[in-house]
Amino acid sequence: MFMRAEATKQHKCLLFNQAISIENFEYQRFMTELLVSLLVSIAKQKSIPLSRIQIRFPYEKPNHVEQYQAYLPLTYHFSGATQSSLSSLQVKFDLGLLKMQLKESNAMLASHYIRQLPMEAHRVGFLQFIMQLLFAQLERRSDISLEWLAEKLGYSTATLKRKLTLHGTSYQQLIDITRQQTAVFLLTEQGFNNEKIAHELKFSDITNFRRSFKRWTGMTPSHFLEEASRIS
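Keep in mind the model is a prediction, meaning the values are calculated, not measured.

Conventions and cut-offs
Once a new chain begins, its residue numbering starts again from 1 and follows that chain's sequence as written. Per-residue local features of the predicted model are confined to residues with pLDDT of at least 70, and side-chain atom pairs are confined, for both listing and counting, to 80 or more; whole-chain, interface and lining totals are unaffected and use all residues. Only hydrogens and water are set aside; all other atoms, that is, all heavy atoms of the structure, feed into the side-chain values. To count toward a patch, a residue needs a relative accessible area above 30% and no salt bridge. Like charges then connect within 9 Å, nonpolar side chains (Val, Leu, Ile, Met, Phe, Trp, Tyr) within 5 Å. Per-residue accessibility takes into account occlusion by the displayed protein chains alone, with areas from the Shrake-Rupley method and a 1.4 Å probe. Salt bridge criterion: a side-chain nitrogen from Lys or Arg within 4 Å of a carboxyl oxygen from Asp or Glu. Here a strand is any run of E in DSSP of at least two residues, a helix any run of H or I of at least four, and the numbering for each starts at the N terminus. Partly exposed describes any residue whose relative accessible area lies between the buried limit of under 20% and the exposed limit of over 50%, with all areas from a 1.4 Å probe on protein chains only and scaled to the type maximum. The set of buried Ala, Val, Leu, Ile, Met, Phe, Trp, Tyr and Cys residues whose side-chain atoms join them within 4.5 Å is what this entry labels a nonpolar core. Throughout, a residue-residue contact means that at least one pair of heavy atoms, one from each residue, lies within 4.5 Å. Only protein atoms enter the 1 Å grid used here, on which a cavity is any set of points holding a 1.4 Å probe that cannot leave and a pocket is any open set flanked by protein within 12 Å on both sides along at least five of seven lines; residues with an atom within 4 Å of a point are listed as lining. Grid points are joined across faces, edges and corners, and a volume is the space filled by probe spheres set on the points. Following the grouping adopted for this structure description, the nonpolar residues are Ala, Val, Leu, Ile, Met, Phe, Trp, Tyr, Cys and Pro, the charged ones are Asp, Glu, Lys and Arg, and the polar ones are all others, Gly among them. Pairing between two strands is assigned when DSSP locates at least 2 bridges connecting them. Fitted lines through C-alpha atoms serve as axes, helices being fitted only where they are in contact, and the angles separating the N-to-C directions of these axes extend from 0 to 180 degrees. Arc definition: directions from the helix axis to the C-beta atoms. N or O atoms within 3.5 Å of each other form a polar contact, as long as, within protein, one can give a hydrogen and the other can take it, and as long as residues adjacent in sequence are counted only when both atoms are side-chain atoms.

A. Fine view of a nonpolar patch on the surface. On the surface, Phe-30, Leu-34 and Leu-38 cluster together into a nonpolar patch covering about 290 Å² of accessible area. Considering the arrangement of structural elements, one finds Phe-30 in helix H1 (residues 25-45). In this structure Phe-30 comes out as partly exposed when scored by relative accessible area, which is 48%.

Put into structure tokens, the structure is as follows:
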């Protein structure tokens, strides 16, 4: 999995997506649970107050929810999507945590790993690289097309389609992922209205945006926001 960060005036949101391929739902849920367990374990070890962290799982409440209740002592909630591969795991915390002195912190060790970052920056998964391109292009409100992406990667459109199929996805699914996740963040965290989100995502009108949002999430934007507010 790979992480990208978004921020509001008060919070930081870390969003996690598949880096190499889109696997089946059971695998994605297992990896999500594993990642959250690791995050909680590290937070406990470093004495980070879990009360300042919120988790949004990208699927509906599982049958084994009692395991979550037993081992996740922090605020969390589930999405309304049953097995959506479009949603991402979201870890949200207040910006004050970034300035917190961690227990047993080591400045020399931190400096060592920071120096490694330029060397590691190119080591990314296939889907991670593509999605980073798409998110950046979407943020600039620039045109996106299969032809543009294929040229950017140095492939023919047919080769790109074939490679995406081998990684369990398609061009349209990746476009839907970037648009859905951006729309949800702008709606729930930034408080944008439908018209502004439609403009940011370059929809021709609000009706097309609302129709796409319902296809992505199973709910209209207003219903989704109502549900998100109710469980937050």
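Continuing now.
B. Examining the nonpolar core more closely. Counting 23 residues, the largest nonpolar core has Ile-53, Ile-55, Phe-57, Leu-72, Leu-74 and Tyr-76 as the members making the most contacts within it. At the level of secondary structure, the elements contributing two or more residues to this core comprise strand E2 (11-17), H1, strand E3 (53-57), helix H2 (65-71), strand E4 (75-78) and strand E5 (89-94). No other element matches H1, which puts 5 residues into this core. What Leu-72 contacts, discounting residues up to four positions off in sequence, is Val-36, Val-40 and Phe-57. Within the second largest apolar cluster, 20 residues are counted, among which are Leu-134, Leu-146, Leu-160 and Leu-164.

C. Quick look at the layout of surface pockets. What the largest pocket holds in volume is close to 810 Å³. Together, 28 residues line the largest pocket, and Leu-14, Leu-39, Ile-42, Ile-48 and Leu-102 are the ones closest to its centre. Breaking the lining of the largest pocket down by element, the ones donating at least two residues are E2, H1, E3, E5 and helix H3 (107-120). In terms of residues, the lining of the largest pocket owes the most to one element, H1, which gives 6 residues. Counted by class, the lining of the largest pocket contains 23 nonpolar, 2 polar and 3 charged residues. If you add up the space inside the second largest pocket, you get close to 380 Å³.

D. Spotlight on the pairing of strand E1 (residues 2-7). Taken together, the 6 bridges between E1 and E2 define a ladder with antiparallel strand orientation. Along E2, the bridge assignment pairs Phe-2 with Asn-17. What sits between the antiparallel neighbours E1 and E2 is a turn of 3 residues.

E. Structural detail: the sheet that holds E1. Read from one edge to the other, the open sheet built from 5 strands follows the order E1-E2-E5-E3-E4, with strand pairing classed as mixed. Looking at the sheet topology across the chains shown, the edges are occupied by E1 and E4. Sheet twist, expressed as the average angle between the axes of neighbouring strands with direction ignored, equals 20 degrees. Sheet analysis places E3 next to E4, joined by 4 bridges and oriented parallel.

F. Layout of helix H5 (residues 146-153). Residues of H5 that are buried include every one of Leu-146, Leu-149, Ala-150 and Leu-153, and no others. On an axial view of H5, the arc spanned by its buried residues comes to 100 degrees, and they lie on one face. Structural note: H5 exposes Glu-151 and Lys-152 on the side pointing more than 90 degrees away from its buried face. Each element contacted by the buried residues of H5 is listed here: helix H4 (126-139), helix H6 (157-166) and helix H7 (171-188). With its phi angle positive at about 80 degrees, Gly-154 sits one or two positions after the end of H5.

G. Broad picture of the side chain of Ser-87. In this structure, Ser-87 sits in the loop between E4 and E5. Looking at Ser-87, its side chain comes within polar contact range of the side chain of Gln-180, at 3.2 Å. Setting aside residues up to four positions removed in sequence, Ser-87 forms contacts with Asn-17, Pro-58, Gln-180 and Gln-181.

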